[in-house]
Amino acid sequence: MLFIFKKMFYIFTVLLVNLYICEYIGNKITARIELRRGYRITRIRGAGFPLIRFFKYLSRDNKINFWTFFIFLLSFLMWSAVPITANLVLIEMDYSLPVAITFYIGLIIILFFNSSRTSYSAIFSEASKKVLILLSFLLPILFSTVSIVLISKTLSLKEIVNSQYQYWNIIFQPLGFITFFISLFLQLKLLGISRKSYLSTEIDIGKEGIGLGKIVEKISVYMIVLFLIIILNILYLGGWQKIYFIRGEIILAVKFYFIFILLLLMDKAIGRVDSYKLLVRINWKFLIPVSLVNFIVTLGFFIARNVYNLI
Amino acid sequence: MLRLIKNFFIILGNIFKKPRTVIYPREKIIIPDGSRGVLHLKLDLDSLEVICNGCGLCNIICPQDCIEVKKRIEDNGREVLDEFCLDLSKCIFCGNCVEFCKMNAIYMSYRYQLAEYSGKNLRLEKIELIKPSSTIRDFW
């Protein structure tokens, strides 16, 4: 029992430290891109900024709205489960699948019958619409992941990393990598990692300066980004495979922050997305077809190689 | 798509540029040429007297009515400026008074830090307007 607690403590410490660094880097890079100096009131180049912002939000208000609660559940419960286990869990047939399907159907039914024009129902429909779009972004990720599983013929993350000792999977699966990356980026765009890139809605849900709800939302957004980048690293970029004499953990950290900064830059380069429709269109007309084609081609190669021994 | 790639490289380049903002009390920027600060009365360098003869044109032309001018006539019949009062709380620094002055007796200095604790201090008298400005543009 103690052993598990020790492990959990390590995991949470690493997560918190990474969150702190990500918030700091995010603030600094955003400031630099806009040719500002950034937050400088605290000493050592504003290193205490995330802590001060945390206290600022904490002191304001303690209401948590429905949307925040939903996003927190989604991010924390969904994404925190996957990388901590040793194996990839694509679909759990025992009880998670019925729960997920009920969840989906419930959301869709609520959206169908939600025709009243009160403000509460409007907020609810906005939030559930966002959740559905967020969930639909998982489809390309699922297809890309399944292709990787087909290539390495295992669900174990350790073996997937070990199989990349010679070439990274990005060489075999460039389309899968692109769809995974764009899907990750669009999720980030939907949730909004920085204030200005927040998707504008008719009703202002989860805008800056709400209080405790904002902290929860920010942490959950970072959680999604953190875990998805780590999965991207493990699946496509060699994971903790060491390069020459450099330790694997350092390599993983370097790759993680490289992708994080790249995402921040792209977030700033594209600017604000004003409608859901654009994101939905990109998802259904580009990401899902491309990842599906990639999956089918990989499946074809897999069958030709392992069943018929053609290649 | 090309525009996005161009944007991306502009943003990437911005990271390595020097930031435009300054830490205000410690660092100060050079004020742009032609900025308008507080009014000043010019002095005749030979006699060290005010050039202004108190004709009151600036008072008439001022859209905010923030200048008050009084003149007096000396024994030899010469018109001399007696009082010149500028209310900075009203002034919008439009520069009309400088443009319309026939004698070219007024100019606008580069003094711009005008915060005060009480409104009385914003009312500048003739003596304060004659004093050379402590603000020199290039050293700001």
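Residues numbered from 1 in each chain as written. Chains lettered and ligands numbered in written order. Predicted model: local features only at pLDDT ≥ 70, side-chain atom pairs only at ≥ 80, totals over all residues.

The next thing to look at is the sheet that holds strand β5 (residues 123-124) of chain B. Residues and elements named next belong to chain B. Ordered in space as β2-β3-β5, the three strands form an open sheet in which the pairing is antiparallel. Among the strands making up the open sheet, the edge pair consists of β2 (67-73) and β5. Both β2 and strand β3 (residues 79-87) contribute to a ladder of seven bridges, which runs antiparallel. Considered in β3, the bridge of I67 is made with L86. (Pairing = 2+ DSSP bridges. Helix = DSSP H or I, 4+ residues; strand = E, 2+ residues; numbered from the N terminus.)

Turning to helix α1 (residues 2-33) of chain A, a few remarks are in order. Since there are 3.6 residues in each turn of an α-helix, residues three or four apart along the chain are aligned in direction. Residue and element names in this part refer to chain A. Counted at 1.5 Å a residue, the expected span for α1 with its 32 residues is 46 Å, and the 46 Å between its end C-alpha atoms agrees. Taken as a whole, α1 has its buried residues at C22, G26, K28, I29 and I33. Looking one or two residues beyond α1, the residue adopting positive phi is L35, at roughly 60°. (Expected span 1.5 Å × (residues − 1). Buried ≥ 20, exposed ≤ 12 C-beta atoms within 10 Å, placed from the backbone.)

This brings us to the interface of chain B and chain A. Listed as interface residues are twelve residues of chain B and, on the opposing side, twelve residues of chain A. Here the residues of the side of chain B that touches chain A are counted per class, giving seven nonpolar, three polar and two charged. (Contact = placed C-beta atoms within 7 Å. Nonpolar A, V, L, I, M, F, W, Y, C, P; charged D, E, K, R; others polar.)

Along its 18 residues, helix α11 (residues 174-191) of chain A runs 26 Å from first to last C-alpha, staying within 8% of the 26 Å computed at 1.5 Å per residue. Of all 18 residues that make up α11(A), 13 are buried, and the element is covered over most of its length.

Take the domain arrangement of chain A next. Residue and element names in this part refer to chain A. The domain architecture assigned to chain A consists of domain 1 (1-60) and domain 2 (62-306). Between domain 1 and domain 2, the contact holds 13 residues from the first and 15 residues from the second. Of all the secondary structure elements, the ones that give two or more residues to the side of domain 1 that touches domain 2 are α1 and α3 (49-60). The element best represented in the side of domain 1 that touches domain 2 is α1, accounting for nine residues. Class assignment for the residues of the side of domain 1 that touches domain 2 results in nine nonpolar, three polar and one charged. (Domains from an automatic or database assignment.)

So, on to the nonpolar core. Of all hydrophobic cores here, the largest spans 36 residues; its most connected members are A:V225, A:L228 and A:L232. Listed by contribution, the elements that provide at least two residues to this core are α1, α8 (138-152), α9 (157-162), α11, α12 (212-236) and α13 (248-270) of chain A. The leading source of residues in this core is α12(A), at 15 residues. Among the domains, domain 1 (1-60) and domain 2 (62-306) of chain A are the pair contributing at least three residues each to this core. With 14 residues, the next largest nonpolar core counts B:C52, B:C62, B:C66 and B:F84 among its residues. (Core = buried A, V, L, I, M, F, W, Y, C linked by C-beta atoms within 7 Å.)

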